[in-house]
Amino acid sequence: MSGLGRRGTAVERVLMVDDDLSVREALGQTLELADLVVTLAGSYIEAKDHISRDFAGVVVTDIRMPGKDGFQLLEYAHEIDPELPVILLTGEGDIPMAVKGISSGAFDFLEKPCAPSEFLAVVEKAIRTRALVLENRRLKRQVAQGDAAARLLRGTSQISRKMREEARAVSRSAADVLVTGEPGVGTAKMAEVVHLLSAGSQAPFLKFSAASQTAESLAAAFLEAKDGSVFLDEVAGLSSVAQFALLDLLEHHDRPRLIAGTYADLRKLAGDGTFSPDLFYRLEAAVIRIPPLRERREDIPVLFRHYVDIACEQAGLPSPNVTPDVMARLLAQDWPGNARSLMNAAMRFAMGLSEGEAQEDELGLAEQLAQVERSLLIAALQRHDGNATEAAKGLKLPRKTFYDKLARHGVRAELYRG
């Protein structure tokens, strides 16, 4: 017998180890009836593969087992994680041995046979202890790494502050999440924030295009990301077969969190019959809406400067001055492409290719290469204080070729002299 409890949250798991099948199944049933997630094992070898530093639960093990016994399992568990609670089950003659086990780090011991109420009381106390340990570790990681919502969801507006709080609140639950917003708002980034703030932040975070998923690939993704998160970008693109397969996967508790992103109106699609209503209502329980830039214009200066700094760091360029005129032009635009368009504008501005305007049409390869070449010429002149001869040497170009390129791109060397 192996089963899943109905709740299945982070620390409601018990690894139940006993070589006696009837005892193992009886105690497993008692745990399952208490709404706990149970994994049954009949030996040290079978149990050890379930133990990890991030195991979100506790271990209950018999002391006397063929081969390696419960003490050796206790020793192994504490080599992996000294704070993992291990409860020892003892026969009548093993009590002195079990007491000795407490001094070796066992959480507690129980004499077989024991009343279900006594058994559950000790297990639930161990579970509460484990929950506290894991939460403290999560908080320490946040302090060390910085809060992911503050680091990745920038903006000083009240709307942005509210959005960060929504991300934190959703992350604290075990709920699946739907992230919505217009194109370019950054649903994938929000999904990453939810994952990083969650209890499973050290487990895998896998991102997929929903349109490319099949029933088989979804099952494989859920298996690979166990205890972590799976992000499906533009979930409205799932085929009907994949939608039903996803619904089936969501029925299991021992699985990763699903984070779905969409720019579409799923409610309308569900009403039209082009998206599964059952899947929509399942996802609608926890929704994070990312507001477009036009609704939080006061965030535009902060975001633009941040993107400019990133572009300059990547290209090895000095950060240009963002003048009030440039900022006024930024604030006057509606940015239908949202953060993605603002980021592109910042990259062009960092390379001296624009004054902060949005660019609606995609450039061809030749135009893009010309922009890159112009930015490299300007960067060389800046490094050499406008000295064209030295800049040409730095780029390993003949002086005439360098001047020809300056003329072609309308770059004047004297503008970069100190």
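Peer 1: Kindly report on the packing of helix H7 (residues 158-172) against helix H8 (residues 187-197), identifying the contributing residues and their values.
Peer 2: The interhelical angle for the contact between H7 and H8, taken along N-to-C directions, is 50 degrees, at an axis separation of 8 Å. As judged from the angle between their axes, H7 and H8 are oblique. Seen along the crossing, H7 lies across H8 with a hand that is right-handed. The residues of H8 that touch H7, namely those facing Met163, Ala167, Arg168 and Ser171, are Met190, Val193, Val194 and Leu197. Split by residue class, the contact of H7 with H8 holds six nonpolar, one polar and one charged.

Peer 1: With reference to specific residues and values, describe unusual backbone geometry.
Peer 2: Along the chain, Lys112 connects to Pro113 via a cis peptide bond; the corresponding omega equals -10 degrees. Secondary-structure assignment places Pro113 in the loop between strand S5 (108-111) and helix H5 (116-145). In the Ramachandran plot, Trp335 falls in the positive-phi region, its phi being about 55 degrees despite a non-glycine side chain. Mapped onto the elements, Trp335 comes out in the loop between helix H14 (324-332) and helix H15 (338-350). Of the residues examined, Trp335 reaches a relative accessible area of 1% and is grouped as buried. A positive phi angle, close to 50 degrees, is found at Asp385, a residue other than glycine. For Asp385, the location among the structural elements is in the loop between helix H16 (365-383) and helix H17 (388-394). On the basis of relative accessibility, which here comes to 52%, the residue Asp385 falls in the exposed class.

Peer 1: I'd love a proper account of the packing of aromatic side chains, names of residues and values included.
Peer 2: Here the structure, examined in full by the defined rule, presents four aromatic pairs. For the pair Tyr44 and Tyr76, a centre-to-centre distance of 6.1 Å together with 70 degrees between the ring planes defines the contact as edge-to-face. Of the two residues, Tyr44 is situated in helix H2 (residues 44-48) and Tyr76 in helix H3 (residues 70-80); the sequence distance between them amounts to 32 residues. There is no split in this pair, since Tyr44 and Tyr76 are both buried.

Peer 1: Talk me through the pattern of salt bridges; I want residue IDs and the actual numbers.
Peer 2: For the structure on display, the rule yields 21 salt bridges. For Arg137, the salt bridge goes to Glu83, with nearest N and O atoms at 3.0 Å. With Arg137 in helix H5 and Glu83 in the loop between H3 and strand S4 (86-90), this pair connects stretches of sequence that are 54 residues apart. Looking at Arg137, the relative accessible area reads 11%, which means it is buried.

Peer 1: How would you explain the pairing of S4 if you had to name every residue and give the values?
Peer 2: For S4, the tally of buried residues reaches five of five residues, placing the bulk of the element in the interior. The two faces of S4 match: Val86, Leu88 and Thr90 on one face and Ile87 and Leu89 on the other face are all buried. Pairing between strand S3 (residues 57-62) and S4: four bridges, direction parallel. Within S4, the residue paired with Val59 across the bridge is Val86. What joins S3 to S4 is H3, and the crossover it makes is right-handed. The pairing of S4 with S5 spans four bridges and is parallel. Looking at the pairing, Leu88 lines up with Phe109 of S5.

Peer 1: Tell me about the environment of Val322, residues and numbers included.
Peer 2: Looking at the element boundaries, Val322 is found in the loop between helix H13 (300-315) and H14. On the basis of relative accessible area, Val322 is assigned to the buried category, the value being 13%. For the pair Val322 and Arg305, spaced 17 residues apart in sequence, the C-alpha to C-alpha distance is 7.7 Å. Filtering out sequence-adjacent residues up to four positions away, Val322 remains in contact with Phe304, Arg305, Met327 and Phe349.

Peer 1: Which residues make up the sheet that holds strand S8 (residues 229-233), and what values go with them?
Peer 2: On the basis of which strands lie adjacent, the open sheet formed by five strands has the order S7-S8-S9-S6-S10 and parallel pairing. One side of each edge strand has no neighbouring strand; the edge strands of this open sheet are strand S7 (205-209) and strand S10 (287-289). Pairwise comparison of adjacent strand axes, ignoring direction, gives a mean angle of 20 degrees for this sheet.

Peer 1: I'd like to hear about the nonpolar core, residue by residue, with values.
Peer 2: Within the largest apolar cluster, 23 residues are counted, with the highest numbers of intra-cluster contacts made by Leu232, Leu238, Leu246 and Leu279. Elements that contribute at least two residues to this core include exactly helix H9 (215-224), S8, helix H10 (240-250), strand S9 (257-262), helix H11 (266-272) and helix H12 (277-283). Among the elements that make up this core, the one with the highest residue count is H10 (five residues). Discounting chain neighbours no more than four positions away, the residues touching Leu238 are Ala210, Gln213, Leu218, Leu232, Gln243, Leu246 and Leu279. Core analysis: the second largest hydrophobic core is formed by 21 residues, Leu293, Ile300, Met327 and Ala379 among them.

Peer 1: Pulling in residues and values, what's your account of the sheet that holds S4?
Peer 2: The strand order across the open sheet built from five strands is S2-S1-S3-S4-S5, with neighbouring strands paired in parallel fashion. Each edge of the open sheet is held by one strand with a lone partner, namely strand S2 (37-41) and S5. Averaged over all neighbouring strand pairs, the angle between strand axes comes to 20 degrees, with direction disregarded. The sheet contacts of helix H1 (residues 21-33) involve strand S1 (13-17), S2 and S4, and relative to S2 the element is tilted by about 170 degrees. Lying on the sheet, H3 is in contact with S1, S3 and S4; it crosses S4 at an angle near 180 degrees.

Rules of the game
Residues numbered from 1 in each chain as written. Predicted model: local features only at pLDDT ≥ 70, side-chain atom pairs only at ≥ 80, totals over all residues. Heavy atoms only, no water. Axes fitted to C-alpha atoms, helices over the stretch in contact; angles between N-to-C directions. Helix = DSSP H or I, 4+ residues; strand = E, 2+ residues; numbered from the N terminus. Parallel < 35°, antiparallel > 145°, perpendicular 65-115°, else oblique. Left-handed = near helix turned anticlockwise from the far one by under 90°. Contact = heavy atoms within 4.5 Å. Nonpolar A, V, L, I, M, F, W, Y, C, P; charged D, E, K, R; others polar. Buried < 20%, exposed > 50% of the residue type's maximum accessible area, 1.4 Å probe, protein only. Phe/Tyr/Trp six-rings, centres within 6.5 Å; stacked < 30°, edge-to-face > 60°. Salt bridge = Lys/Arg side-chain N within 4 Å of Asp/Glu carboxyl O. Pairing = 2+ DSSP bridges. Right-handed = clockwise from strand over helix to strand, strands pointing away. Core = buried A, V, L, I, M, F, W, Y, C linked by side-chain atoms within 4.5 Å.

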